[in-house]
Amino acid sequence: MIAPMISLAFSLHSNKGVYALLLGSGISTAAGVPTGWQIVLDMIRRIASQMNQDCGNDPEAWYAETFGKAPDYSELLESLTKSPAERNQFLKRYIEPTEDELERGEKAPTQAHRSIAELVRRGYVRVIVTTNFDQLIENSLRDVGITPTVISTADAVDGALPLVHSSCTVIKVHGDYLDTRIKNTPEELASYDSRTGLLLDRVFDEFGLIVCGWSAEWDFALRGALERCSSRRFTTYWCVRGAVGDAAQALVDLRRASVINIESADGFFQDLTERVQALEVLAEVHPLSAGIAVARLKKYLGEKRLTIRAHDLVMQETEWLHEQASERYFPLRAQSTKEEFASRVEKYETLTETLRGMFAVGCFWGDAQHLHIWTSSLERIANPGMRFGGGGTTLPRLAIYPALILLYAGGIGSVAAGKYETLTSLLTDARCMLLNERLPVALGVNSWEVMRDREKHLPGLEDRATPTSDHLHGLLRGQFRGIIPDDDRYSECFDRFEYLSAIIFADLYEKKKSRIYVPVGRFAWRFEEDPEATIMYRISLELERTGSDWPLLQLGLFEGSLDRLRSVKKKSDAFIAEVAKGWW
């Protein structure tokens, strides 16, 4: 199982600006700024001193024995200071450094603060929610040239820039220690102004969350804001040292958070920043890596003794794609808007760049000994591990779009090389789960299953008759420049693959449903004025010439029966013609 820290690094890198931080007093411990509990113990010592008593090494036990109840940070502060202004002055000594502390580097931004500032500078974090009164976060941000929008009062919410327009917004839910309106007492911590509450609702609904240094024990209103957020757009990661407290555990369970055990906030944020930077380096060299990967694959395919290396190379990239295209990075509960649809299509296409290049080259140059490589890889990507069935929602179905891209790349390469055994293996040997049934890829991975009624949302193709087919034709052209230089030849191979996969689909579908359906591609309209130039007509001529020797019949498709093939083809061509009538 992949460690939560690795998942977090990938999530942060893949979703710039999507994750917000929720920071508690634990984040500033290394700076010498005491936590709320440390302040509690210090206040107990002061109370004991005023009572001329010694609380010993266990101030908590002394307080419980003396007052008959456990000490409470907010109640203690309220009993010692009677107004917000008094509390402000009282807390300054805990937060502002003395001259000696400044010389020792205490109460200054720590490694955690500096790492957070670096994540903000690189655009990975744009919103920080904190219960801390200190200004260590703001100071660390200014050190890297960022002036954050600071919201420390309800009035500041009204005048603040929208979250999407600010390079960084720091929301100090309990105020700033320099402001007398800081929140400390039980009454003050019980609720927020409606404006602050609405702002937190937006953050917790729209952003993923990384929680660090916050126990959730004292902050009732903040806890309530998390409890009333029902959405799970992005994952919550909750950092803990030691055991998770009861209050925190309740929120972890509610938000289905991934718990990350850490040694310190400094070590956690430094490690996270370094991991994200490492992913940046890998991403920067990705185009070169894709070219190198394809070149290596060509070498391995050329020598029988290197088949294992070819397998390992392809499957390594397959596993990377399977992880990157998983529900962890493409949550199914996200709102299925036109913009989200287009964004996911683009991301999936970027992720498949290397592997689709391998499929194009591998299925063109590979032999029978390599078939298992392509079927294994395609089957892995065609089964992303998400639960979706035959109806409705678009985002779950779009999860198999990477498999559709790979199928087209491998199918076109196979057709171009005349390697119909490879084509048959891709379409019928590779399997995918659909409606809890294990089906041939030909039935489960096609434009109809993947796009359904949303293919008109592909940018710039809203008015096309076959937008998915047209889009894939353009997308894959680059992978075949070195194999099929001529554009007309490329389009011919594209049409042949689409039509052959369509009639194979029709054959399997009729056997299963007792009726014909055909995923219609651009081959249906490309030669509207010249029917004899269509792929349908050309294959009819091939069947007249070859009869039962036609390659796909020799491989056992259509039950190996020429009569069965002709029947399916006739019905399919009629279906295609009927669909095309609606376009003109």
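Everything discussed here concerns the structure shown above.
Residues numbered from 1 in each chain as written. Predicted model: local features only at pLDDT ≥ 70, side-chain atom pairs only at ≥ 80, totals over all residues. Heavy atoms only, no water.

Visitor: Mind laying out the overall build of the protein chain, listing which residues take part and the relevant values?
Guide: Across its full length, the protein chain holds 29 helices and nine strands. Expressed as a percentage of its 584 residues, the buried residues of the protein chain come to 54%. Approximately 25900 Å² of the protein chain is accessible, and the part contributed by carbon and sulfur atoms is 49%. Placing the 68 positive and 81 negative side-chain charges of the protein chain at their respective mean positions leaves the two points 5 Å apart. (Helix = DSSP H or I, 4+ residues; strand = E, 2+ residues; numbered from the N terminus. Buried < 20%, exposed > 50% of the residue type's maximum accessible area, 1.4 Å probe, protein only. Areas by Shrake-Rupley, 256 points an atom, 1.4 Å probe, with all protein chains shown as cover. Lys, Arg positive; Asp, Glu negative; His and termini not counted. Charge placed at Lys NZ, Arg CZ, Asp CG, Glu CD.)

Visitor: Please provide a residue-by-residue account of the pattern of salt bridges, values included.
Guide: Taken as a whole, this structure holds 34 salt bridges when the rule is applied. Residues Arg122 and Glu118 are paired through a salt bridge, measuring 2.8 Å at the closest nitrogen-oxygen approach. Take Arg122: its relative accessible area is 24%, and that puts it in the partly exposed class. Where Lys569 meets Asp573, a salt bridge forms, and the shortest distance between an N and an O atom there is 2.8 Å. With Lys569 and Asp573 both in helix 29 (residues 562-581) and four residues apart, this pair spans about one turn of that helix. By relative accessible area, which is 5% here, Lys569 ends up buried. Classification of Asp573 by relative accessible area gives partly exposed; the value is 22%. One salt-bridge network, held together by shared partners, links Asp507, Glu510, Lys511, Glu559, Arg564 and Lys571. (Salt bridge = Lys/Arg side-chain N within 4 Å of Asp/Glu carboxyl O.)

Visitor: Let's hear about the pairing of strand 4 (residues 169-172): which residues, and what values?
Guide: On strand 4, burial covers both faces: Thr169 and Ile171 on one face and Val170 and Lys172 on the other are all buried. As judged from the four bridges shared by strand 2 (residues 125-130) and strand 4, these two strands associate in the parallel manner. By the bridge assignment, Ile128 is partnered in strand 4 with Val170. Where strand 3 (residues 149-151) and strand 4 come together, three bridges link them in parallel fashion. The residue of strand 4 that forms the bridge with Val150 is Val170. Regarding topology, helix 9 (residues 154-159) serves as the crossover connection from strand 3 to the parallel strand 4, and that connection is right-handed. (Pairing = 2+ DSSP bridges. Right-handed = clockwise from strand over helix to strand, strands pointing away.)

Visitor: Lay out helix 25 (residues 467-475) with the relevant residues and their values.
Guide: In terms of burial, helix 25 is largely enclosed, as seven of its nine residues are buried. Inspection of helix 25 places Pro467, Thr468, Ser469, Asp470, Leu472, His473 and Leu475 among the buried residues, and these make up the whole buried set. Buried residues along helix 25 sit in contact with helix 17 (338-351), helix 18 (353-365), helix 21 (401-417), helix 24 (447-451) and helix 26 (487-513). (Contact = heavy atoms within 4.5 Å.)

Purely spatial values, then, with no claim about function.
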